[in-house]
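# Close look at the chain arrangement
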Amino acid sequence: MAILEILTYPDERLKNMSEEVAEFNDALRTFLADLEETMRAGPGGVGIAAPQVGNFQRIAIVDVSAKKKIKHHGRLVLINPEITQWDGFEVAREGCMSVPDYTGNVIRATQIHLIACDEWGEKHEYDMEGYEARAVQHELDHLDGMLFIDRLVSRRHDLFQRKVYKK
Ligand SMILES: [Zn+2]
């Protein structure tokens, strides 16, 4: 396994549209292992999308199970994912490994219905809410070349410089 290099804003490649995965083979599963290791090595590490490491396929991994007191589905490999229903909305703070110096207030749906394939090509359906639904919406944006900073209502009011804590 390997930790992959993360593309960071303003790298133009983060704006690429990613393509559907057609073959669910060993090369895909090897890549997924590296992608997951890269996610877990990052600060926060609740989600990652393939284009963040320069692989422009419709692949994301989300795992919010480390957060306390929320509903979740554990570790999720999401391939060719599609949100088919959105409900409610809420503003909350987001960060991103590709935008390391900032966090921002982003509006997201509070409930979604999601269809996605796993690493074996099997289709699954999920009803999600709250933090997990937000993480999925964030990661799926990457597949369409969108970053959370593209969704801010106002950069002046909703974008925040991350504090660097020195020991
Ligand atoms: Zn991100």
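These lines cover the structure that appears in this document, whether it is placed above or below. (Residues numbered from 1 in each chain as written. Predicted model: local features only at pLDDT ≥ 70, side-chain atom pairs only at ≥ 80, totals over all residues. Heavy atoms only, no water.)

## Observations regarding unusual backbone geometry
Residues other than glycine predominantly adopt negative phi, and peptide bonds predominantly adopt the trans conformation. Going by this rule: Working definition: helices are DSSP H or I runs of at least four residues, strands are E runs of at least two. Numbering for both runs from the N terminus. Throughout this description, buried means an accessible area under 20% of the type-specific maximum (1.4 Å probe, protein chains only), exposed means over 50%, and partly exposed covers the range between.
In this structure, Pro10 follows Tyr9 across a cis peptide bond, with omega equal to 10°. Looking at the element boundaries, Pro10 is found in the segment before α1 (26-41). The phi angle at Lys69 is positive, at roughly 60°, despite the residue not being glycine. Here Lys69 shows up in the loop between β2 (59-62) and β3 (76-87). Residues other than glycine seldom take positive phi values, yet Asn80 does so here, at roughly 50°. Looking at the secondary structure, you find Asn80 in strand β3. What makes Asn80 buried here is its relative accessible area of 14%.

## Details of the coordination of the zinc ion
Counted only if it meets this: Think of the donor list as every N, O and S atom within 2.8 Å of the metal, or within 3.2 Å for Na, K and Ca; water never makes the list, so a site can look incomplete.
All of the protein donors around the zinc ion are Cys96 (SG), His138 (NE2) and His142 (NE2); their distances to the metal are 2.0 to 2.3 Å. Positions of the donor residues of the zinc ion along the chain correspond to the pattern C-x41-H-x3-H. Taken together, the residues span about one helical turn, with His138 and His142 both in helix α2 (residues 130-143) at a distance of four residues.

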